[in-house]
Amino acid sequence: MTLQGVTYQGPALETPEKLENLPGDLLEVLWQVNGFVAYAGGLHVRGMVDEPEWHSLDRYWSGYMALHELFRDVQPYDVPFGQDFLGNQFLLRDGRVFKLRADTGELSGLDLDLPHFLDACRDDPVEFLSLHLLAEFHQEQGMLEPGQLVHTMPPLSLRQAEAKIAMKPVPADNAISFLANFARQIQDLPEGTKVNLRLFTPES
């Protein structure tokens with residue numbers, strides 16, 4: 001598998017019993033490389049590991065940070081195989097990739113299977129993964145470390161056109177928990193609702 005800008009690669013895959021529950025396309029990827037962070041932090045594909053916790057697929061599938069417990073539209077059978085640098089999640093459902101926008105809870109199908117999703121990332125990562133903001137973060141604050149996500153304030157769903165946003169690197173668990181809580185509070189609000197945002201950012 002050819003990857004660009006790799007900043008982390010998971011350890012060699014072992015053969016725990018849980019492997020039998022993985023979709024075939026994902027298992028094939030993980031046999032080649034047991035998860036990775038690529039595109040200078042732009043895409044994280046989780047691996048079958050216990051440590052580090054932020055890289056553990058099982059942790060976000062059925063463990064302490066199970067995404068179906070945090071986000072209303074995620075189901076227990078959805079496989080949360082990856083995320084982008086902002087904490088938006090990529091899920092496998094019935095062999096197709098879905099994207100969960102973490103700050104709104106909105107789930108949308110990409111009409112791609114996993115191999116074609118990875119091909120699209122490789123062919124044009126900047127556009128497909130919307131890495132323009134990550135490039136701005138790199139210019140201002142340097143490289144994103146493995147296990148970190150970019151936290152924005154305000155959340156991007158509240159950003160006004162051309163308005164400046166604050167960005168900081170935070171641990172993945174903190175960012176995802178914050179975004180899930182925020183999404184729960186705004187998910188059922190009508191379009192155009194004014195939101196009184198209390199300034200809070202997850203700990204570094």
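Use the structure listed above.
The rules behind each value
Residues numbered from 1 in each chain as written. Predicted model: local features only at pLDDT ≥ 70, side-chain atom pairs only at ≥ 80, totals over all residues. Heavy atoms only, no water. Core = buried A, V, L, I, M, F, W, Y, C linked by side-chain atoms within 4.5 Å. Buried < 20%, exposed > 50% of the residue type's maximum accessible area, 1.4 Å probe, protein only. Helix = DSSP H or I, 4+ residues; strand = E, 2+ residues; numbered from the N terminus. Contact = heavy atoms within 4.5 Å. Salt bridge = Lys/Arg side-chain N within 4 Å of Asp/Glu carboxyl O. Expected span 1.5 Å × (residues − 1). Pairing = 2+ DSSP bridges. Axes fitted to C-alpha atoms, helices over the stretch in contact; angles between N-to-C directions.

Undergrad: Honestly, the nonpolar core in this entry has me stumped. Any pointers?
TA: Looking at soluble globular proteins, one finds that nonpolar side chains tend to be buried together. Of all hydrophobic cores here, the largest spans 35 residues; its most connected members are Leu26, Leu43, Phe81 and Phe117. Every element with two or more residues in this core is listed here: α1 (24-32), β2 (36-38), β3 (43-45), α2 (57-61), β4 (79-84), β5 (89-93), α4 (114-123) and α6 (132-141). Those residues in contact with Phe117 that lie beyond four places of it in its chain are Leu43, Phe81, Phe90, Val97, Leu110, Leu112 and Phe128. In this structure, Val37, Ala102, Ile176 and Leu179 belong to the second largest nonpolar core, which totals 21 residues.

Undergrad: For this particular structure, what's the right way to read the pattern of salt bridges?
TA: Once their charged atoms are close, side chains differing in charge can pair, the charge on each being opposite to the other. All chains considered together, the criterion is met by nine salt bridges. The shortest N-O distance in the salt bridge between Asp173 and Arg59 comes to 2.2 Å. Here Arg59 lies in helix α2 and Asp173 lies in helix α7 (residues 172-186), a separation of 114 residues in the sequence. Here Asp173 and Arg59 have matching classes, each one buried. With a shortest N-O distance of 2.9 Å, Lys164 and Glu140 are connected by a salt bridge. With Lys164 in the loop between β8 (148-153) and β9 (166-171) and Glu140 in helix α6, this residue pair connects regions lying 24 residues apart in the sequence. Connected through shared salt-bridge partners, Glu53, Arg59 and Asp173 make up one network.

Undergrad: Sorry if this is basic, but what is going on with α7 here?
TA: Residues that lie three or four places apart on an α-helix share one face, since the helix turns once every 3.6 residues. Taking 1.5 Å per residue, 15 residues should reach 21 Å; α7 reaches 21 Å between its end C-alpha atoms and fits that length. Inspection of α7 places Ala172, Asp173, Ala175, Ile176, Phe178, Leu179, Ala180, Phe182, Ala183 and Ile186 among the buried residues, and these make up the whole buried set. Contact partners of the buried residues in α7: α2, α3 (67-70), β4, β5, β8 and β9.

Undergrad: Would you explain the sheet that holds β4 in this entry?
TA: Sheet strands line up and pair through hydrogen bonds in the backbone, either parallel or antiparallel. The strand order across the open sheet formed by seven strands is β1-β2-β3-β4-β5-β6-β7, and the pairing between neighbours is antiparallel. Single-partner strands in this sheet number two, and they are β1 (8-9) and β7 (106-109). Here strand β6 (residues 96-101) pairs with β7 via four bridges, running antiparallel. Residue pairing across strands places Phe98 opposite Gly109, the latter belonging to β7. Of the strands in this sheet, β3, β4, β5 and β6 are in contact with α4, which crosses β3 at around 150°.

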